[in-house]
Every structure is written in C-alpha cells, then in structure tokens.
Amino acid sequence: MRNIGDVKFGITDNFIFTSNKKDLNFDSIKSLEKLTKKQLGDDGVSIAKEKIKNITTYSDKDFSVFIDAKGMGDMVMLNAGSEEEQKRVVEEVKSFVGKDVEVKEKEAGFFKRAGAPIIISVAIAVITGILYMVAGSLAGEEMDFSGKNAGKKRALAALANFLGPNGTLIIGAILTVLCVMWAVKKNKQGFTITTMEFI
C-alpha cells in the first residue's frame, strides 16, 4: 500500500483498493474476503480480483489510471502523477489479475481534451444572460425579496445593479472569450487513451 496523489492505493490477497482513511492498517485488511466503506473510508473503492474488467490509462498531465469492474461495478481512479508510477500501477494490477490483455489505443476526442472549459463557458453565458435580464428589470422597479431564497435574490440583484446591463455583458463576454481560449489551448494538448482488456 502506498500514497498516489491524495489517496492510498493497495492490493490485498483478494482486492485492489483506494482509501482516504489516514489510519488505515494494511495488515488488518490484507487477507479479508470482503472490504467495506467502514474499513476504507467514505470515498474508498475496492474491486475483487475476479471482477476486474480492464485498465485504462491517459497520457495526460496527470497520467490518469482507471481500473474498471465488470458490469455496473465500481471504478478505481488514480492520478499517478508520472509515467513511471502509471506503468508501475498497470504492471501491479496485471500481475495481480494474472491474465493476458488485449490492448487498444486511440487519441482523446475533443470533449475529453476540452470539455471542462466548454462547460464553464456555457455556464458563464447562462449566468450572464440571467444577470443581464435582472439588471434590465431593475430600472426603477422594486423587487420582491421575500421567501426562502430572499438572500440569494438580494445578492443577485445587488450584483446585477452594480454591473448594470452593459457591465454584465462586457464581463460575461470577457470571461467567455477566456474560456474559449482555454478550450483551444486544451484541445491542442492531445493525449492517448490506452485500454487493456483482460481476456
């Protein structure tokens, strides 16, 4: 068992697992037939040896590793942090399962490369539209700040009033352009997805 990124990763006699439990004692779980959330912590994940379906690696900046269970099972996710650590995890899991693998490689698609900035830019555009409508409706009107969301309404109205319709559009446009530029940059940083299916 060792730390990989912000989680502990280990292989027992019967399972691979990740855990966020600081005081996890590996010797106490090494030979168990079943691992529970109580033992591994709330974010802990375990997959039994016979349930491991495949390993997927990304050649991205995090050197991500995904170990899938068969069916609708759990997934162990790791940010290995280096190519060396990624290869080490892969070899350890392959040795543990003890089966041959069928390897498939493909280049990551656009959404895998640039999905986050695209989603954020859409969210910014929606928020800009809402603030613009609120700012436009504030002109000379009293707004009702009653109800259980009164605080949120008041904060939204204060922001919209401070920016005004033009300020809202300018700030929204700048943030959207920055996100699009981020998406273009991320799109150029291609990486390979390798899937190793146990056969």
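The rules behind the values
Residues numbered from 1 in each chain as written. Predicted model: local features only at pLDDT ≥ 70, side-chain atom pairs only at ≥ 80, totals over all residues. Heavy atoms only, no water. Salt bridge = Lys/Arg side-chain N within 4 Å of Asp/Glu carboxyl O. Helix = DSSP H or I, 4+ residues; strand = E, 2+ residues; numbered from the N terminus. Buried < 20%, exposed > 50% of the residue type's maximum accessible area, 1.4 Å probe, protein only. Pairing = 2+ DSSP bridges. Axes fitted to C-alpha atoms, helices over the stretch in contact; angles between N-to-C directions. pLDDT = per-residue confidence, 0-100.

Some points on the pattern of salt bridges
Right, so step 1: This structure, assessed with the given rule, holds 7 salt bridges.
Right, so step 2: In this structure, K30 engages D13 in a salt bridge whose closest nitrogen and oxygen atoms are separated by 3.0 Å. Placement of the pair is K30 in the loop between α1 (26-29) and α2 (37-40) and D13 in the loop between β2 (7-11) and β3 (15-19), with a sequence separation of 17 residues.
Right, so step 3: In this structure D13 comes out as partly exposed when scored by relative accessible area, which is 38%.
Right, so step 4: Here R88 and E92 are joined by a salt bridge, their closest N and O atoms 3.3 Å apart. One end of the pair is R88 and the other is E92, both in helix α3 (residues 83-97) and 4 residues apart, which spans about a single turn.
Right, so step 5: Under the relative-accessibility criterion, R88 is labelled partly exposed at 43%.
Right, so step 6: E92 gets classed as partly exposed once you look at its relative accessible area, which sits at 24%.
Right, so step 7: Three or more residues are tied together by salt bridges with common partners; here these are R2, E85, R88 and E92.

Brief notes about unusual backbone geometry
Right, so step 1: In this structure, F63 is a non-glycine residue whose phi angle is positive, near 50°.
Right, so step 2: Residue position: F63 is located in the loop between β5 (52-58) and β6 (64-69).

What about the sheet that holds β3?
Right, so step 1: What the 4 strands build is an open sheet, ordered β1-β2-β3-β4; its pairing is antiparallel. Each edge of the open sheet is held by one strand with a lone partner, namely β1 (2-4) and β4 (45-48). Strand-to-strand twist across the sheet, computed as the mean angle between neighbouring axes with direction ignored, equals 20°.
Right, so step 2: As paired elements, β1 and β2 share 3 bridges and run antiparallel to each other. Across the sheet, N3 pairs through a bridge with K8, a residue of β2.

Things to note about the confidence of the model for the protein chain
Reading predicted coordinates in detail is not appropriate for stretches of low pLDDT.
Right, so step 1: Model confidence for the protein chain is summarised by a mean pLDDT of 85, while 94% of its residues fall at 70 or above.
Right, so step 2: When pLDDT is averaged over each element of the protein chain, α3 comes out on top at 94 and helix α5 (residues 150-188) at the bottom at 81.

Focus on the environment of F111
Right, so step 1: Relative to the assigned elements, F111 resides in helix α4 (residues 110-137).
Right, so step 2: Through-space distance from the C-alpha of F111 to that of K186 is 9.9 Å; in sequence the pair is 75 residues apart.

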